[in-house]
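Next come the chains, spelled out residue by residue.
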Amino acid sequence: MPRPSAGSHHNDKLHVKKGDNVIVLSGKHKGQTGKVLLALPRDQKVVVEGVNVITKNVKPSPANPQGGQERRELALHASKVAIVDPETGKATRIRKQIVDGKKVRVAVGSGKVID
């Protein structure tokens, strides 16, 4: 994927973090949920546990002398996922709020603190 040009208004921020529970909003994996294993803010992508899984043929190597097939998750675009509301279990947006002098993420739907 090409990098944005120097003059673009692209920022390297995501609305999800590693460890968040998310639900897929669109595509062939729509409706699946999982935990974010890896966030790639520069590419605006996330890797979600158990979603977008492929089977890769692996050559034998010193670390894996048998070789064989390996299942691995591929990255999804971050705009395709939303955080799961801890109260309702449905997709929600987040907002930032200051609670006890600390900036935290709050689910817009239920008002529950996510961090």
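What you are looking at is a predicted structure, and each value in this text was computed from that prediction instead of being measured.

Novice: Explain the overall build of the chain here, please?
Specialist: Of the regular secondary structure elements, the chain holds zero helices and ten strands. At 17 Å, the chain has a C-alpha radius of gyration far larger than the 13 Å of a compact globule built from 115 residues. Overall, the chain is about 55 × 40 × 30 Å in size when its C-alpha atoms are taken along their principal axes. Within the chain, buried positions represent 23% of all 115 residues. Within the chain, contacts between residues separated by at least 24 positions form 43% of all contacts whose residues are at least 6 apart in sequence. Taken as a whole, the chain presents about 8,100 Å² of accessible surface, with 49% of it coming from carbon and sulfur.

Novice: Please clarify how the sheet that holds strand 8 (residues 91-92) should be interpreted in this entry.
Specialist: Backbone hydrogen bonds hold the strands of a sheet together, and the pairing may be parallel or antiparallel. On the basis of which strands lie adjacent, the open sheet formed by six strands has the order 6-3-2-1-7-8 and antiparallel pairing. If you trace the sheet from one side to the other, it starts and ends with strand 6 (75-77) and strand 8, each paired once. Where strand 7 (residues 81-84) meets strand 8, two bridges bridge the pair, whose relative direction is antiparallel. Its bridge partner being in strand 8, Val84 is matched across the sheet by Ala91.

Novice: Honestly, the environment of Val113 in this entry has me stumped. Any pointers?
Specialist: Of note, Val113 is situated in the segment after strand 10 (102-107). What Val113 contacts, discounting residues up to four positions off in sequence, is Val104, Arg105 and Val106.

Novice: Any chance you could explain the side chain of Thr92 here in plain terms?
Specialist: On the secondary structure map, Thr92 appears in strand 8. Here Val108 takes part through its backbone nitrogen, which lies 3.5 Å from a polar atom of the side chain of Thr92. Apart from the residues within four sequence positions on either side, Thr92 is in contact with Ala82, Ile83, Val84, Asp85, Ala107, Val108 and Gly109.

Conventions and cut-offs
Residues numbered from 1 in each chain as written. Predicted model: local features only at pLDDT ≥ 70, side-chain atom pairs only at ≥ 80, totals over all residues. Heavy atoms only, no water. Helix = DSSP H or I, 4+ residues; strand = E, 2+ residues; numbered from the N terminus. Rg over C-alpha atoms; globule rule 2.2 N^0.38 Å. Buried < 20%, exposed > 50% of the residue type's maximum accessible area, 1.4 Å probe, protein only. Contact = heavy atoms within 4.5 Å. Areas by Shrake-Rupley, 256 points an atom, 1.4 Å probe, with all protein chains shown as cover. Pairing = 2+ DSSP bridges. Polar contact = N/O pair within 3.5 Å; in protein donor to acceptor, adjacent residues only side chain to side chain.

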